[in-house]
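Now for the letters of each chain:
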Amino acid sequence: MSSFFIKRKSASAAPGKGDKTAGQKRKGENVGGKGRSKHLKKQLNEEISSESENEGVDGPNRKQKGNEEEDEEIEETPQEKKLRLAKLYLEQLREEEEQKAEAEQFESGLIAGRLQEDVLEQKGTLQRLMAKELVVPDPAEIRLLRGHKLSVTCLVITPDEKYIFSASKDSSIIKWEVESGEKVQKIAGGRKGTEDLHVGHTAHILCMAISSDGKYLATGDMNKLIMIWEADTCKFLYKFTGHRDAVSGLAFRRGTHDLYSASHDRSVKVWNVDENAYVETLFGHQDVITGLDCLGRERCVTAGGRDRTVRVWKISEESQLVFHGHEGSIDCVQLINEEHMVSGGDDGCVCIWSVNKKRPVSRVKQAHGLHGSEGLEEPNWVSSVAALHNSDTIASGASGSHNSAVQLWKCGQGFRGLEPLFSVPVTGFVNSLKFSNSGKFLVAGVGQEHRLGRWWRTKEAKNGLYIIPLIRQNTEQELEQ
């Protein structure tokens, strides 16, 4: 009996002390099944009570949240999950496209502007307004390149604007570097009678042209010859013969290697330089042809000297347009764009032409003033003209010792009207003028004698090239800032 009461007392004391120690748990386990069940029941009650205390703070929210998650997991079917993922993907694509659209908005504006310019250029109506920005260059910045013994007659600038080719009455060709002004290479001229032995010209060179890709250089001389050179190395390739008099004009069609030539024999010939082949001959002028120019269309423009006509030759149609307006010999002509051109002559006039009108749309008489005694004044000859393609900027050069200068002009809207901008004085005959493609500089070929003859001579003149920088007002302001 005593042992029974001892066991009950130890069992009743166990809950008072708690069930935290391992020894007490073992004692409880040794007790019968009834004591162990009570012990487990009390332990569960304590655990539940501790959880219920925590639930007193956020229990309902946690239950509600757990229920919602369970509902979502239960309610979202595979089809709904695919739909949700598809919407997320579409939203991501939309955001990416919006970012691309913002980035491309500026570029698309530039592309649209460029396309519009290309369309206007093909139509021949593009006119970039640049003349009003030009400022008078500092005389100290004008460079003179000397190397020819006799008068410079013609020049060309390479498409990349790194080099200049010039030719002279001494039959030589010089390649110049624009940046340094140094000679890169010289093809010396030969004496008369050495045509079979000498590689190069042996007579006055009157004209030259370079292809739009800078691959070929063509030169023409008084000996009726056209010579083709490799522009990079100045290597002689071959010659074209066929003209019956001096070759006075050359031009490559832009984007091709088709070469147009004009001669004092009053004809225009077409050549294919790639195939070293003659194509055809066109006739029409009544006097010697003094100048020729061409752009991208299959046509060229020529100046007819004393027949006082400018002609546009449609090569494929084998037809021509005839323009009248000068009162004397027309010595030079240049295309402004596909629809407009500028010409100059010994009557002292500078004329702007449109292919749609037989008369000049604009004409400036006595463009370079008069010379001579009172009552016997004569206009100074306009010996060369140049145009910055698809712009409103034109240059003209005068001849002689009275008013030797390079005059820059601004074309009015629609090429109607010419306003003088500024003049750059030079000494001698301005036989050739060329703008760089970018319009950053103008090159003048100057000599003591006129390109086409020896009517008089300016002894104080220096045979060479004048490189005239063309500075824009906006560019100056940017540099100052």
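Worth saying up front: this structure is predicted, and the values here are computed from it rather than measured. (Residues numbered from 1 in each chain as written. Predicted model: local features only at pLDDT ≥ 70, side-chain atom pairs only at ≥ 80, totals over all residues. Heavy atoms only, no water.)

Caption draft 1: Structural context of the environment of Lys 462. By the secondary structure assignment, Lys 462 is in the loop between β30 (441-447) and β31 (464-469). Owing to a relative accessible area of 40%, Lys 462 belongs among the partly exposed residues under this scheme. Put simply, Lys 462 and Phe 429 are 33 residues apart on the chain and 9.6 Å apart in space, counted from C-alpha to C-alpha. In contact with Lys 462, not counting residues within four places along its chain, are Leu 144, Arg 146, Thr 427 and Val 446. (Helix = DSSP H or I, 4+ residues; strand = E, 2+ residues; numbered from the N terminus. Buried < 20%, exposed > 50% of the residue type's maximum accessible area, 1.4 Å probe, protein only. Contact = heavy atoms within 4.5 Å.)

Caption draft 2: Geometry of the side chain of Ser 151. Within the fold, Ser 151 resides in the loop between β2 (143-146) and β3 (152-157). At 3.0 Å, the side chain of Ser 151 forms a polar contact with the backbone nitrogen of Gln 448. Residue contacts for Ser 151: discarding those within four places in its chain leaves Ala 167, Ser 168, Lys 169, Asn 431, Gly 447, Gln 448, Glu 449 and Asn 463. (Polar contact = N/O pair within 3.5 Å; in protein donor to acceptor, adjacent residues only side chain to side chain.)

Caption draft 3: Expanded view of empty space enclosed by the protein. For the structure shown, the criterion picks out four cavities of 30 Å³ or more. Surrounding the largest cavity, Leu 295, Arg 299, Cys 300, Val 301, Val 312, Leu 335, Glu 338, Met 341 and Val 355 form its lining. Top contributing element to the lining of the largest cavity by residue count: strand β16 (residues 299-303), with three residues. The residue inventory of the lining of the largest cavity, partitioned by class, reads seven nonpolar, no polar and two charged. (1 Å grid on protein atoms, 1.4 Å probe; cavity = no way out; pocket = protein on both sides within 12 Å on 5 of 7 lines; lining within 4 Å. Points joined across faces, edges and corners; volume = space filled by probe spheres on them. Nonpolar A, V, L, I, M, F, W, Y, C, P; charged D, E, K, R; others polar.)

Caption draft 4: Local environment of a nonpolar patch on the surface. A contiguous nonpolar surface patch, about 300 Å² in accessible area, is contributed by Tyr 89, Leu 90 and Leu 93. Tracing the backbone shows Leu 90 in helix α4 (residues 78-123). For Leu 90, a relative accessible area of 54% gives the class exposed. (Patch = residues over 30% accessible without salt bridge, like charges linked within 9 Å, V, L, I, M, F, W, Y side chains within 5 Å. Areas by Shrake-Rupley, 256 points an atom, 1.4 Å probe, with all protein chains shown as cover. Salt bridge = Lys/Arg side-chain N within 4 Å of Asp/Glu carboxyl O.)

Caption draft 5: Region of interest: the pairing of strand β20 (residues 340-345). With respect to burial, β20 is a largely interior element, six of its six residues being buried. As defined by bridge partners, strand β19 (residues 330-335) adjoins β20 across five bridges and the pair is classed as antiparallel. For Leu 335, the partnering residue across the bridge sits in β20 and is Met 341. As consecutive antiparallel partners, β19 and β20 are separated by four residues. Of the strand pairs in this sheet, β20 and strand β21 (residues 350-354) are connected by five bridges, and their pairing is antiparallel. (Pairing = 2+ DSSP bridges.)

Caption draft 6: Summary view of the sheet that holds strand β6 (residues 183-187). Taken together, four strands build an open sheet; the order of strands is β3-β4-β5-β6 and the sheet is antiparallel. Every other strand in the sheet has two partners, leaving β3 and β6 as the edge strands with one partner each. When strand polarity is set aside, the average angle formed by the axes of neighbouring strands in this sheet is 15°. Pairing of strand β5 (residues 173-177) with β6 involves four bridges; the strand directions are antiparallel. Across the sheet, residue Trp 176 finds its bridge partner in β6, namely Lys 183. (Axes fitted to C-alpha atoms, helices over the stretch in contact; angles between N-to-C directions.)

Caption draft 7: Representation of the sheet that holds strand β27 (residues 405-411) in the model. With antiparallel pairing, the four strands of this open sheet are ordered in space as β25-β26-β27-β28. What marks the edges here is a single partner per strand, and that holds for β25 (382-387) and β28 (418-425). Averaged over all pairs of adjacent strands, the angle between their axes in this sheet comes to 25°, without regard to strand direction. As judged from the five bridges shared by β25 and strand β26 (residues 393-398), these two strands associate in the antiparallel manner. In the sheet register, Val 385 faces β26, and the bridge partner there is Ser 396.

Caption draft 8: Seen up close, unusual backbone geometry. Here Lys 224, not a glycine, exhibits a phi torsion of approximately 70°, which is positive. With respect to the secondary-structure elements, Lys 224 resides in the loop between β8 (216-221) and β9 (226-230). Looking at Lys 224, the relative accessible area reads 38%, which means it is partly exposed.

Caption draft 9: Up close: the nonpolar core. Counting residues in each nonpolar core, the largest one holds 19 residues, and the members touching the most others are Val 406, Leu 408, Leu 433, Phe 435, Leu 442 and Ala 444. Those elements that provide at least two residues to this core are β27, β28, β29 (429-435), β30 and β31. Beyond its immediate stretch of four places on either side in the chain, Leu 442 contacts Ala 395, Val 406, Leu 408, Leu 433, Lys 434, Phe 435, Tyr 466, Ile 467, Ile 468 and Leu 470. Among the nonpolar cores identified, the runner-up in size contains 16 residues, and Val 361, Val 385, Trp 409 and Cys 411 belong to it. (Core = buried A, V, L, I, M, F, W, Y, C linked by side-chain atoms within 4.5 Å.)

Caption draft 10: Quick look at the environment of Phe 236. If you trace the backbone, Phe 236 turns up in strand β10 (residues 235-240). With near-sequence residues (within four places) excluded, Phe 236 lies in contact with Val 199, Met 227, Ile 228 and Trp 229.

Caption draft 11: Examining the pattern of salt bridges more closely. With the rule as written, the count across this model stands at six salt bridges. In this structure, Glu 98 and Arg 94 form a salt bridge, with 2.6 Å as the shortest nitrogen-oxygen distance. In this pair, Glu 98 and Arg 94 are both assigned in helix α4, four residues apart and thus about one turn of the helix distant. For Glu 98, a relative accessible area of 39% gives the class partly exposed. The partly exposed category is assigned to Arg 94, whose relative accessible area is 41%. Ionic pairing is found between Arg 306 and Asp 346, a salt bridge with its closest N-O pair at 2.8 Å. Of this pair, Arg 306 sits in the loop between β16 and β17 (309-314) while Asp 346 sits in the loop between β20 and β21, and the two are 40 residues apart along the sequence. When salt bridges that share partners are traced, they join Glu 91, Arg 94 and Glu 98 into one network.

Caption draft 12: Representation of the packing of aromatic side chains in the model. Tallying each qualifying case throughout the model produces eight aromatic pairs. On the basis of an interplanar angle of 45° and a centroid distance of 5.6 Å, the ring pair of Phe 429 and Trp 456 is categorised as tilted. Taken together, the positions of Phe 429 in strand β29 and Trp 456 in the loop between β30 and β31 put the pair 27 residues apart, joining distant regions of the chain. By relative accessible area, Phe 429 is classed as buried at 1%. The exposure class of Trp 456 is partly exposed, given its relative accessible area of 31%. (Phe/Tyr/Trp six-rings, centres within 6.5 Å; stacked < 30°, edge-to-face > 60°.)

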